[in-house]
Amino acid sequence: MEIILSSANDKPIYEQISSQIKEQIMKGILKPGEPLPSMRKLAKNLHVSVITTQRAYDDLQRDGFLVTVPAKGTFVSTQNQDFIREENLREIESLLAKAASLGKENGLSLEELQTTLTVIYQEE
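Predicted model only: the values in this text are computed from it and were never measured.

(A) Spatial organisation of the packing of helix α2 (residues 39–46) against helix α3 (residues 50–62). Where α2 meets α3, the closest approach of the two axes is 8 Å, and the angle between their N-to-C directions is 120 degrees. Relative to α3, the element α2 lies oblique. As for how α2 packs across α3, the hand of that crossing is right-handed. Of the residues in α3, those in contact with M39, R40, L42 and A43 of α2 are V50, T53, Q54 and Y57.

The following block contains the structure:
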């Protein structure tokens, strides 16, 4: 699991950690049931306090992305696939809204936008 922290980022460190873990879960990089490093190990690797990693893990547990099993560790939740799909759909809608707005600003027709999306979708 790779996490990159930036002091130039406006987000607090715990949010940088939680958002990157969430992104890796949503992209399928971290799989359901996969173990995560302990809070202490992650804090040591990132050179941050355990309180910071605890806050990130707590937020992810509250949102259903992680589950902690006492004496076993913290794992990617296996029961949250519908939520992850919904989050991805919201992201897609946001990106498509931005694309539609930019297309309108530049005089593209709906058909041109649909053609562009079809070409991109088929290339992937």
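Further notes follow.
(B) Spotlight on the pairing of strand β2 (residues 66–69). Inspection of the sheet shows β2 paired to strand β3 (residues 73–76) by four bridges, in the antiparallel sense. Paired with L66 across the two strands is V76, which belongs to β3. Linking β2 to β3, which pair antiparallel, is a turn of three residues; within it A71 sits at a positive phi near 70 degrees.

What counts and what doesn't
Residues numbered from 1 in each chain as written. Predicted model: local features only at pLDDT ≥ 70, side-chain atom pairs only at ≥ 80, totals over all residues. Heavy atoms only, no water. Axes fitted to C-alpha atoms, helices over the stretch in contact; angles between N-to-C directions. Helix = DSSP H or I, 4+ residues; strand = E, 2+ residues; numbered from the N terminus. Parallel < 35°, antiparallel > 145°, perpendicular 65-115°, else oblique. Left-handed = near helix turned anticlockwise from the far one by under 90°. Contact = heavy atoms within 4.5 Å. Pairing = 2+ DSSP bridges.

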